[in-house]
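Read off the chains here:
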Amino acid sequence: MQDFVYQSAPMRVVFGAGTLRQLPDELSGLGVTRALILATPRQKDLVASIQEMIGERFAGVFTGAVMHTPVEVTERAMETVHDIQADCLVAIGGGSTTGLGKAIALRTDLPQIVLPTSYAGSEMTPVVGQTSGGIKTTQSSPKILPEIVIYDVDLTMTMPPKLSATSGINAIAHAVEALYARDRNPVITLMAQEGIRTLAQALPTICVQPDDRAARTDALYGAWLSGICLGAVGMALHHKLCHTLGGSFNLPHAETHTVILPHALAYNAPAVPDAMARIATALGVSDPALGLHDLARKLAAPASLREIGMPEGGIDQAADLAVKNPYWNPRGIERDAIRELIARAWRGDAPQTTIS
Ligand code: NAD
């Protein structure tokens, strides 16, 4: 075993079904009295039940959260923060809503309670990606890490199969890259392997039977584990590529992760035999890259960058961008091989494990 450093995040996690009911007690524990509730327009109906539940501690609501945390939206939300003199943020939703809460916390250091409704995992990280003038930049700070996360399986039951599939594979991607992270450690490795296993088992059930509570519970548990991995160790080629593609071509987040993951893993495969063996065990397959490709097909998730809106002419541009800012990856970043990876992902081909 290699030497390691392990640091756990200072955060309280409540996990279960019906745990939303514990929100009033959690607010009391924080000693706050004026909560601002954050949501997306699509999930604004959830706000009414929270308002009723927390009574006088409901100070206001902002339901304008959107993907990629545009700075203009955060600035509008900040006006509400000041107008209602909020002393706490309650973010209920997927990664977009969590991102808005984190962006406000970065500016105010207000305590956050997050109620995740997707599998994105953002609630477990001290990182926020913010978009300004079409450019997304990430920032890390202890202020960004939520104080409390309440995982309520009931809140995930409404997630449509398509979002469940792509959001679940987005979570698997965090765990996959954690297994070959330069700063990996044995605890995170255990969590990553278990995260992949539970998600890969649960997602096919969820996609045919979205109201299967046991599968939903397993998937949320796997997403939590994978989110911890994302927050604890460094990510590599897969996350960098998705960031570049999403930012350059305005591609949807979870779908982009779903399409790229098998190809990024195939690229790194020759350099990470131990991680490949662990992913193979977790998926119950012999070829992990192909296994992830097959899982996505089984879930009827998007297979190509073409179908999620990337122009073919963007392949070379994306390859140039991917090699422009150097970052650590277990295998060196080779432009021609990266271009081939992106081209295969654009067409929706199966991953090629022996790119050299
Ligand atoms: P999202 O939050 O945008 O959700 C997608 C849509 O699904 C939204 O309209 C949302 O309201 C809806 N939705 C979410 N949960 C639902 C449910 N249970 N039932 C019905 N509808 C539901 O998408 P996402 O994939 O969860 O998050 C993506 C965003 O999160 C991106 O901006 C990404 O960059 C960010 N992210 C950040 C980190 C980090 O660590 N900073 C990690 C992962 C993702």
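Nothing here was measured: the structure is a model prediction, and the numbers come from that model. (Residues numbered from 1 in each chain as written. Predicted model: local features only at pLDDT ≥ 70, side-chain atom pairs only at ≥ 80, totals over all residues. Heavy atoms only, no water.)

Engineer: Would you explain the domain arrangement of the protein in this entry?
Structural biologist: Interface extent is often summarised as the accessible area lost during association of the parts. Domains assigned within the protein are domain 1 (12-156) and domain 2 (161-347). Facing 20 residues of domain 1, the contacting portion of domain 2 comprises 26 residues. Contact between domain 1 and domain 2 buries roughly 1900 Å² in total, counting both sides, with carbon and sulfur atoms accounting for 67%. Considering only the side of domain 1, the residues that lose the most area to domain 2 are F15, Y119 and V153, jointly responsible for 37% of the buried surface there. One salt bridge in this structure joins D154 and R213, with 2.4 Å as the shortest N-O distance. (Domains from an automatic or database assignment. Contact = heavy atoms within 4.5 Å. Buried area = accessible area lost by both parts, 1.4 Å probe. Salt bridge = Lys/Arg side-chain N within 4 Å of Asp/Glu carboxyl O.)

Engineer: Teacher, can you tell me more about empty space enclosed by the protein here?
Structural biologist: One water molecule sets the probe size; rolling that probe over the atoms shows where empty space is left. The final tally for this structure, using the stated rule, is two cavities of 30 Å³ or more. The space that makes up the largest cavity amounts to roughly 40 Å³. Contributions of two or more residues to the lining of the largest cavity are made by α10 (253-268) and α12 (288-298). The element best represented in the lining of the largest cavity is α10, accounting for four residues. Counted by class, the lining of the largest cavity contains five nonpolar, three polar and one charged residues. Roughly 30 Å³ of volume is contained in the second largest cavity. (1 Å grid on protein atoms, 1.4 Å probe; cavity = no way out; pocket = protein on both sides within 12 Å on 5 of 7 lines; lining within 4 Å. Points joined across faces, edges and corners; volume = space filled by probe spheres on them. Helix = DSSP H or I, 4+ residues; strand = E, 2+ residues; numbered from the N terminus. Nonpolar A, V, L, I, M, F, W, Y, C, P; charged D, E, K, R; others polar.)

Engineer: Explain the layout of surface pockets here, please?
Structural biologist: Considered as a void within the structure, the second largest pocket measures approximately 450 Å³ in volume. Lining the second largest pocket are 20 residues, and of these Q7, S8, A9, G231 and A232 sit closest to its centre. Considering every element that reaches the lining of the second largest pocket, the biggest residue donor is helix α8 (residues 213-232), with four residues. Residue composition of the lining of the second largest pocket, grouped by class: 15 nonpolar, four polar and one charged. There are two domains that each give the lining of the second largest pocket at least three residues, and those are domain 1 (12-156) and domain 2 (161-347).

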